[in-house]
Amino acid sequence: MTTNTAASAAPAPAGSREAELQALLGPERVILGQDIAPALRSDFMGQDIGSAEAYFKVQSTEEVQKLVRYAADHDLPITIRGAGTNLVGSTIPHGGIIIDLSAMNKILELDEANRTILVEPGVLLCDLQAYVEERGLFYPPDPAEKNATIGGNISTNAGGMRAVKYGVTRDFVLGLEVVTAKGEVVTLGSKCLKDATGLNLKQLLIGSEGTLGVITKCLLRLITKPEATAHALVGFTSLREAITAVNDLHAANLAPTAIEFVEKKVIAIGEDFLHKQFPLPQSTAYLIVTFDGKASELPAKLNQCREVLAQKHQIEFLDLNDPQVANTVWTVRAALAKAVQASGIWEPVDTVVPLNEIANFVDFLGELSKQHGIRILAFGHAGDGNVHLCILKDELPLGQWPQTLQQILSALYRRVYQLHGKIAAEHGIGRHKRLYFLQEVNETELSLMRSVKYALDPQGLFNPHSGYTL
């Protein structure tokens, strides 16, 4: 992640394109060309660096309008970014201008009567969650990267661990203010929970990865904060056994808030990175099960969870009622991606398959790993089929890495489609998955997507080289 601070620049020569760009918001509010820091021309991974004529850190809807109108008049591509936590290259520019929304970070209105909150897109997820929970309210979407912006979450339809019970970001967005490709402002949606008034254009923007417009305000739905939360760590003899057990939890109608799966060999990386000891060290794989609700009801939920799983599986069960132990479990789980990143070159992968295919997909990954001699670590949200992968280069010669990685990604994404899954659950397509998406997507479906793009952005200004775009 980066600090997106525009440094003051010397005035450009009068009459030049650079001078025009500086005049839009003032020289102190724009960075030009090669002066734009590489981190501002990339995503969280920082492996691919794009190029842009100018970077703007905007502070209002009106400034966004001004920039979009200028870009439209001069046929300049527009790349939209927030906190820079994207993992699939959606924030990597290919010429044109960068509009950074991270400074539009105000909480504008909390409407407790209607249980809604209106925020600017640069508000961080962690700040939003803290703000509403201090007031007894709750925003359920819970992606792992808490320093991502709400605008970014909406643009990728981020999910997170609590999706199994509450749904994803899409389910909590009631309305959006959007700057269109013509520089016009449109408000989509409302505070009403029901709306069958025409086409639901708001839903088109959610998950569109900045390809259809610029989100400048976000109206979100809130619920009452659960009274308490309880967690359990369940150890299994194999990952297949752990994943199979997820269906037993669903069948028992326990309504867990989250069900995470992870293998011991993956946990070991987090242990080494943090110098912490994970509980139940004799187990080969784990489920981390979470419940929320009334405090008086949660002990019975945990007992029922233990009983249901013990009926069919050989398990170790640990009620995480000790705050220190619970903190160790979640700290190690949360640090897995950072631990892998610290180990060297790697590729993050985000996929989703039907619940009954998770075990088959993970088995396939084991075979693929052996075939290429590359470690493929799997963990994720077992309750909703979202499988996260880390593909590690390890000792493979750097010159062989790109070709080997492409072979692995082509094979695993093809398998995802064969299992009737999708190659992006919550990270989006961006630039990094574009090739594999285009290889597998139905041509009619792709044509319809591009028709929508043309209708809303006929010049192809917004993020034109990302995802499904031409």
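Residues numbered from 1 in each chain as written. Predicted model: local features only at pLDDT ≥ 70, side-chain atom pairs only at ≥ 80, totals over all residues. Heavy atoms only, no water.

Using the following cut-off: UniProt positions are given in the numbering used here, feature names are shortened, and annotations may be inferred rather than shown by experiment.
Per an unreviewed UniProt entry, the recorded name for the protein chain is FAD-binding oxidoreductase, and the organism is Candidatus Anaerobiospirillum pullistercoris. Quoted verbatim from the Cofactor (unreviewed entry) field of the UniProt record, the comment on the protein chain reads "FAD".

Focus on the packing of aromatic side chains
Just so we agree on the cut-off: Under the pairing criterion, centres of Phe, Tyr and Trp rings, with the six-membered ring standing for Trp, must be within 6.5 Å; the plane angle then separates stacked pairs below 30 degrees from edge-to-face pairs above 60, leaving the rest tilted. Secondary structure follows DSSP: runs of H or I at least 4 residues long count as helices, runs of E at least 2 residues long count as strands, and numbering of each begins at the N terminus. Note on classification: 1.4 Å probe, protein chains only; a residue is buried when its accessible area is under 20% of the maximum for its type, exposed when over 50%, partly exposed between these limits. For a ring to carry a charge above it, either NZ of a lysine or CZ of an arginine must fall within 6 Å of the ring centroid while also lying within 35 degrees of the normal to the ring plane.
Scanning the model with the defined rule gives four aromatic pairs in all. Their ring planes at 50° and their centres at 5.3 Å tell us that Tyr413 and Tyr436 sit as a pair that is tilted. With Tyr413 in helix α13 (residues 401–418) and Tyr436 in helix α14 (residues 434–440), this residue pair connects regions lying 23 residues apart in the sequence. Tyr413 gets classed as buried once you look at its relative accessible area, which sits at 3%. The class of Tyr436 is buried, set by a relative accessible area of 7%. One Lys or Arg, Arg415, reaches over the ring of Phe364 and ends 5.9 Å from the middle of that ring.

Here we look at the sheet that holds strand β12 (residues 228–236)
We apply this condition: Pairing between two strands is assigned when DSSP locates at least 2 bridges connecting them. The axes are straight lines fitted to the C-alpha atoms, using for helices just the contacting stretch, and the angles between their N-to-C directions are given from 0 to 180°. Here, two residues are considered to be in contact whenever any of their heavy atoms come within 4.5 Å of each other.
In spatial order, the strands read β15-β12-β14-β13-β17-β18-β16; together these seven strands make up an open sheet with antiparallel pairing. Whereas interior strands pair on both sides, the edge strands pair on one side only; in this sheet they are β15 (316–319) and β16 (346–352). The sheet shows a mean angle of 20° between the axes of neighbouring strands, direction not considered. Sheet analysis places strand β13 (residues 258–263) next to strand β17 (residues 375–381), joined by three bridges and oriented antiparallel. Within the sheet, the bridge partner assigned to Val262 lies in β17 and is Phe379. Strands β16, β17 and β18 (386–392) of the sheet are contacted by helix α12 (residues 358–372), whose axis makes an angle of about 165° with β17.

Some thoughts on helix α1 (residues 17–25)
By the burial criterion, the buried members of α1 are Ala19, Leu21, Gln22, Leu24 and Leu25. Immediately downstream of α1, the backbone of Gly26 shows phi near 105°, a positive value.

Observations regarding the environment of Ile374
Within the secondary structure, Ile374 is located in the loop between α12 and β17. When its relative accessible area of 3% is taken as the criterion, Ile374 is described as buried. Sequence spacing of Ile374 and Ile391 is 17 residues, and the spatial spacing of their C-alpha atoms is 7.2 Å.

Observations regarding the layout of surface pockets
A water-sized probe, rolled over the atoms, reveals where empty space remains. Stated formally: Buriedness of a pocket was judged along seven lines, with at least five required to meet protein on both sides within 12 Å; pockets are open sets of points on a 1 Å grid over the protein atoms alone, cavities are sets where a 1.4 Å probe fits but cannot get out, and lining residues have an atom within 4 Å of a point. Grid points are joined across faces, edges and corners, and a volume is the space filled by probe spheres set on the points. Three residue categories are used. Nonpolar comprises Ala, Val, Leu, Ile, Met, Phe, Trp, Tyr, Cys and Pro, charged comprises Asp, Glu, Lys and Arg, and polar comprises the others, including Gly.
In this structure, the second largest pocket occupies an estimated 740 Å³ of space. Lining of the second largest pocket is provided by 30 residues; of these, Gly207, Glu209, Ile429, Met449 and Tyr468 occupy positions nearest its centre. Its residues assigned to classes, the lining of the second largest pocket shows 14 nonpolar, ten polar and six charged.

What about helix α10 (residues 323–334)?
What counts here: Multiplying 1.5 Å by the residue count of a helix minus one yields the expected span of that helix. Think of a polar contact as two N or O atoms within 3.5 Å of one another; within protein, one of them needs to be a possible hydrogen donor and the other a possible acceptor, and neighboring residues in sequence only count if both atoms come from side chains.
Between its first and last C-alpha atoms α10 spans 16 Å; for twelve residues at 1.5 Å apiece the expected length is 16 Å, and the two agree. For α10, the full list of buried residues reads Ala326, Thr328, Val329, Trp330, Val332 and Arg333. Of the surrounding elements, those touching the buried residues of α10 are β12, β13, α8 (264–274), β14 (285–293), α11 (336–342) and β17. The backbone nitrogen of Gln324 lies 2.9 Å from a side-chain oxygen of the residue at the head of α10, namely Asp322.

Some details on the UniProt feature "domain: FAD-binding PCMH-type" (unreviewed entry) in the protein chain
Here, UniProt's "domain: FAD-binding PCMH-type" (unreviewed entry) annotation points to residues 48–225. Taken end to end, residues 48–225 has its terminal C-alpha atoms 40 Å apart, with 22% of it in helix and 25% in strand.

A word on the environment of Ala258
By the secondary structure assignment, Ala258 is in strand β13. Judged by its relative accessible area of 4%, Ala258 falls in the buried class. Between the C-alpha atom of Ala258 and that of Glu443, which follows or precedes it by 185 residues, the distance is 35 Å. Discounting residues that sit within four places of it in the chain, Ala258 has contacts with Met161, Arg162, Val164, Ile288, Val289 and Thr290.

Looking at the sheet that holds strand β6 (residues 116–119)
One open sheet holds the five strands; their spatial order is β5-β6-β10-β8-β9, and the pairing between them is antiparallel. Each edge of the sheet is formed by a strand with only one pairing partner; in this case those strands are β5 (107–111) and β9 (185–189). Each adjacent strand pair in this sheet contributes to an overall mean axis angle of 15°, direction not counted. Alignment of strand β8 (residues 173–179) against β9, held across five bridges, turns out to be antiparallel. Its bridge partner being in β9, Glu177 is matched across the sheet by Thr187.

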